[in-house]
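# Structural characterization, general
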There are 2 protein chains.
Amino acid sequence: MSIASDLIRGHTDTIILAHLTREDSYGYKINKEIQMDTDNQYELKEATLYTAFRRLEGAGYICSYWGDENTGARRRYYSITAEGRQAYRQLKKEWEEAKYLIDILIKSKEEREDQNGR
Amino acid sequence: MSIASDLIRGHTDTIILAHLTREDSYGYKINKEIQMDTDNQYELKEATLYTAFRRLEGAGYICSYWGDENTGARRRYYSITAEGRQAYRQLKKEWEEAKYLIDILIKSKEEREDQNGR
DNA sequence: TATATATACCTTGACAGGCGATGTATAATA
DNA sequence: TATTATACATCGCCTGTCAAGGTATATATA
């Protein structure tokens, strides 16, 4: 893990919802996929992950059920709801806005002067 | 203000440092500039702003002095240090990394399947 | 057989950053 | 005279993150 989590903070819910858009999944698997997707540059801490599941379920964005594996550790599967899909779309939109604003705001004033040709 | 502050969280320090790269400035002015730069879509809450100044000063990234205005309210000016400039460059780099990773992570798995042509 | 590792879940308590509320003071304007 | 703008500051709450600890099953290794 190489990235500061304060920069990802606020995106945890969006990331989880994204992983549930195609099919139901469970915590451990989602986290492994996050690690693979980012070449091990990022992972969710377990406490963060399971806290987020509770939060999302409380908000009605996901619901859960126990898997029926007859071998290995038990898994709790999560399914995204219609409200969850709606929230996901909204959160993605907000990310695009935030990205745009942050890009503006963290730009050095020196650079900006250069760009204005002054 | 239209943007969720959890999405900006972690960037407050970078934003402030960016505003000090060209010239010394003070809290009220920096915040006004942020509002102007973002067409009033974002502003730092005063408590957040002044907390950040304390934090940055404690870290040695900025130092402060009182202005010598002989009219109007007094101003505390902040100046970025060499360490502050170094930190600013680092934080910008981390933002580029975070931006890249978040874009990957919040992408819908449905979309990704489409992109893979499967 | 014992031990370590991988899979899989969960909770508690501390910490840090953001912020509403509140306060102070000066100057200009209505 | 009252309001608004400028300008700074702190306190205490809230929320999300996470280190640390715990439970349980299955497999690989020594």
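All residue numbers refer to position in the chain's written sequence, counted from 1. Chains and ligands are labelled sequentially in the order written, the chains with letters from A and the ligands with numbers from 1. Where totals are concerned, whole chains, interfaces and linings use all residues; where local detail is concerned, this predicted model gives features only for residues with pLDDT of at least 70, and gives and counts side-chain atom pairs only at 80 or more. Where side-chain values are given, they derive from all heavy atoms of the structure, hydrogens and water being excluded.

## Remarks on the protein's contact with DNA strand D
Neighbouring residues are identified by heavy atoms, a residue being near a molecule or strand if any of them is within 4 Å of it. Near DNA strand D, the surroundings consist of 26 residues, among which Ser5(A), Thr12(A), Tyr28(B), Arg75(B) and Arg76(B) are the closest. Near the protein, meaning within 4 Å, the atoms of DNA strand D are sugar or phosphate in a fraction of 73%, with bases accounting for the rest. Identification of polar contacts relies on pairs of N or O atoms within 3.5 Å, with a donor-acceptor requirement for protein atoms, meaning one able to donate a hydrogen and the other able to accept it, and with residues adjacent in sequence counted only if both atoms are side-chain atoms. Between DNA strand D and Arg9(A), the relevant distance is 2.7 Å, taken from a sugar or linking oxygen to a side-chain nitrogen or oxygen of the residue. Within the side chain of Tyr28(B), one N or O atom sits 2.4 Å away from a phosphate oxygen of DNA strand D. Under the DSSP-based scheme used, a helix requires at least four consecutive residues in state H or I and a strand at least two consecutive residues in state E, with every element numbered from the N terminus. For the surface near DNA strand D, the elements supplying multiple residues, two or more each, are helix H4 (46-58) of chain A together with helix H3 (27-37), helix H4 (46-58) and strand E3 (76-80) of chain B. Here the surface near DNA strand D is built from residues that sort into eight nonpolar, eight polar and 10 charged. When residues are grouped by polarity, Ala, Val, Leu, Ile, Met, Phe, Trp, Tyr, Cys and Pro land in nonpolar, Asp, Glu, Lys and Arg in charged, and all others, Gly among them, in polar.

## Quick look at the protein's contact with DNA strand C
The full set close to DNA strand C counts 26 residues, and Tyr28(A), Arg75(A), Arg76(A), Ser5(B) and Arg9(B) are the nearest of them. In the model, a phosphate oxygen of DNA strand C is placed 2.4 Å from a nitrogen or oxygen of the Tyr28(A) side chain. Arg54(A) places a polar side-chain atom, nitrogen or oxygen, 2.9 Å from a phosphate oxygen of DNA strand C. A per-class count over the surface near DNA strand C returns eight nonpolar, eight polar and 10 charged.

## Thoughts on the relation of the copies chain B and chain A
With an RMSD of 0.1 Å, the operation that places chain B on chain A is a rotation of 180° combined with a shift of 0.0 Å along the axis. These values place the two chain copies in the arrangement generated by a two-fold rotation axis. Here 98% of the interface residues in chain B have copies in chain A that are interface residues too; the copies meet face to matching face. Copies overlap after least-squares fitting; the atoms used are the C-alpha atoms of residues with pLDDT of at least 70 in both. The contact criterion used is simple: two residues touch if any of their non-hydrogen atoms lie within 4.5 Å.

What is shown is where atoms sit, not what they do.
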